[in-house]
Amino acid sequence: ALARRGVLGADDAEALTQAYAAVTFVMLRQQLADFHAGRPVGNHVDPETLTRLERERLVEALKAIDRLRKRARADFTGAFW
C-alpha cells in the first residue's frame, strides 16, 4: 500500500516483501516444530538451527525492517536517528 501511494520506492517495497516472507518462514517453521514436539509454541528461533542462506536472508530482512523503522521515525518526528 505504501508503494502504491508513492511513499516507498519499488526497491524498498520489494525488500520489505522479501523480509516479511523470510521472517514468516522461519517463525512458522519453528512454531510447527515446537507444536509437533509438544513444546510451548513461541517466537524464539535459535539461529544455530538455520542454514547459512537462511541466516543471511534473515539478516537482510532485519536490515530492511530497520530501514523502514528509521524512516518512519524520521517522517513522524523529524529526527534522523
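Residues numbered from 1 in each chain as written. Predicted model: local features only at pLDDT ≥ 70, side-chain atom pairs only at ≥ 80, totals over all residues. Heavy atoms only, no water.

Caption draft 1: Seen up close, a nonpolar patch on the surface. Judged by side-chain polarity, Leu 2, Val 7 and Leu 68 come together as a nonpolar surface patch covering roughly 200 Å² of accessible area. Within the fold, Leu 2 resides in the segment before helix H1 (10–36). Classification of Leu 2 by relative accessible area gives partly exposed; the value is 40%. (Patch = residues over 30% accessible without salt bridge, like charges linked within 9 Å, V, L, I, M, F, W, Y side chains within 5 Å. Areas by Shrake-Rupley, 256 points an atom, 1.4 Å probe, with all protein chains shown as cover. Salt bridge = Lys/Arg side-chain N within 4 Å of Asp/Glu carboxyl O. Helix = DSSP H or I, 4+ residues; strand = E, 2+ residues; numbered from the N terminus. Buried < 20%, exposed > 50% of the residue type's maximum accessible area, 1.4 Å probe, protein only.)

Caption draft 2: Region of interest: the pattern of salt bridges. According to the stated counting rule, one finds seven salt bridges in the structure shown. A salt bridge links Glu 56 to Arg 52; the shortest N-O distance between them is 2.7 Å. Taken together, the residues Glu 56 and Arg 52, both in helix H2 (residues 52–77) and four residues apart, mark about one turn of the helix. For Glu 56, a relative accessible area of 38% translates into the label partly exposed. For Arg 52, a relative accessible area of 54% puts it in the exposed group. For Asp 75, the salt bridge is made with Arg 71, and the minimal N-O distance between the two is 3.5 Å. Remark: Arg 71 and Asp 75 occur in helix H2; sequence separation between them is four residues, near one turn of the helix.

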